[in-house]
Structure formats: structure tokens, C-alpha cells
Amino acid sequence: MVRFSLLLLLILTFLSGHTISKPDTCVHIISRIPNELLLRCQSADDDLGNHTLSTGEEFKWNFHPNFFGTTLFFCHFYWGSKDKSVVTYDNNIDWKYCHETSNYYNCYWEARPDGFYASGDQKSWKLLNKWT
């Protein structure tokens, strides 16, 4: 009976798209670009639409990674004549750059004139992608 209950719990967890122990994730995109930064973020299931950020503004969204660890979000960024597509969340980014604080795993990104930086704590930043 215990095995059946555990199996049922795992199946229900899988079907709901939630893991048992991990809280929701919040991805933050912060613009450090002079002038306006245009972006569009999406996954295979969700299109978060077009957004325009001024310097210092933030766009963020919350989600729950799927059971298999295959959740992926990417954003396409436009700044003047430059554009770049960047994976802003996947399992690898989660393990390296997202940190748990209160009720969320937070993943921070800064778009800067020289590229895209990731951080879990907003103190130590790592350049992961350049505009070119």
C-alpha cells in the first residue's frame, strides 16, 4: 500500500508539472543599456510578449520547472542595430546561477553594452553572452 501511495504521488506530481521539493523560479532581466532595450521572452509553452525596458528597469516572471529538468526559456534582445537571442533559463543555468531566497529560486540577468551577465545574488556577475 505504501508503494502504491508513493507511486500515485509521483504520478500526480509529474502530471501537475511540479517537482516535490523545489520552489518556483523567478527570472529577472535588468537593463543596464543606455536608451531602450527591447526584448521578447518565451518557452515552448509560454510566450511572455514584447517588453521595452529603460536603463535600470526590470522584467521578471515566475514559473515552476518541469519534473524532468527540461524547462527552457530564451529571450531575444534588441538594442539599436544589435540583436541577440539568449537562453535565460535551463537546468544548467539553474544549477550555476540561480539561488534560493525565501520562496523562490532567483536567476538574475543584466543586459549591458558589452553583453549579458548572470548572477544568483546580484553581487557576483558572470558574462555569459556577448552581443556579437
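Residues numbered from 1 in each chain as written. Predicted model: local features only at pLDDT ≥ 70, side-chain atom pairs only at ≥ 80, totals over all residues. Heavy atoms only, no water.

### A short note on the sheet that holds strand 3 (residues 47-53)
The cut-off we apply is this: Any two strands with at least two DSSP bridges between them are considered paired. Counting from the N terminus, the helices are the DSSP runs of H or I reaching at least four residues and the strands are the DSSP runs of E reaching at least two. Convention adopted: a line fitted to C-alpha atoms gives each axis, helices being fitted over their contacting stretch, and angles between N-to-C directions are expressed from 0 to 180 degrees.
Across the sheet, which stays open at both edges, the four strands sit in the order 3-2-5-6 with antiparallel pairing between neighbours. In this open sheet, the two strands that pair with only one neighbour each are strand 3 and strand 6 (82-89). Across the sheet, the axes of successive neighbouring strands diverge by a mean angle of 20°, strand direction being ignored. Two elements, strand 5 (residues 73-79) and strand 6, share seven bridges in a ladder whose sense is antiparallel. The residue of strand 6 that forms the bridge with Cys75 is Val86.

### Observations concerning the pattern of salt bridges
We apply this condition: What counts as a salt bridge is simple: a side-chain nitrogen of Lys or Arg found within 4 Å of a carboxyl oxygen of Asp or Glu. In this scheme, a residue with accessible area under 20% of its type's maximum is buried, one over 50% is exposed, and one in between is partly exposed, where area comes from a 1.4 Å probe on protein chains only.
Under the criterion given, the structure shown has three salt bridges. In this structure, Glu110 engages Arg32 in a salt bridge whose closest nitrogen and oxygen atoms are separated by 3.0 Å. In this pair, Glu110 sits in strand 8 (residues 104-112) while Arg32 sits in the loop between strand 1 (24-31) and strand 2 (37-42), placing the two residues 78 residues apart along the sequence. When its relative accessible area of 7% is taken as the criterion, Glu110 is described as buried. The exposure class assigned to Arg32 is partly exposed, which follows from its relative accessible area of 37%. The shortest N-O distance in the salt bridge between Glu110 and Arg112 comes to 2.9 Å.

### Some thoughts on the pairing of strand 5
Burial along strand 5 is one-sided: Phe73, Cys75, Phe77 and Trp79 are buried, while Phe74, His76 and Tyr78, pointing the other way, are not. Here strand 2 runs beside strand 5; their pairing, made up of five bridges, is antiparallel. Residue pairing for strand 5: Cys41 is matched across the bridge by Cys75.

### A look at the state of the cysteines
So the rule is basically this: In this description, the term disulfide denotes a pair of cysteine sulfurs within 2.5 Å.
Counted according to the given criterion, the structure contains two disulfides. Between the sulfur atoms of Cys41 and its disulfide partner Cys75 the distance amounts to 2.0 Å. Looking down the S-S bond of the Cys41 and Cys75 bridge, the torsion is 105°, so its handedness is right-handed. You can see Cys41 sitting in strand 2 and its partner Cys75 sitting in strand 5, a full 34 residues away along the chain. You can call Cys41 buried: its relative accessible area is 0%. Across the disulfide, Cys98 is cross-linked to Cys107 (sulfur-sulfur distance 1.8 Å). The disulfide joining Cys98 to Cys107 has a torsion of about 110° about its S-S bond and is therefore right-handed. Cys107 carries the same exposure label as Cys98, and that label is buried.

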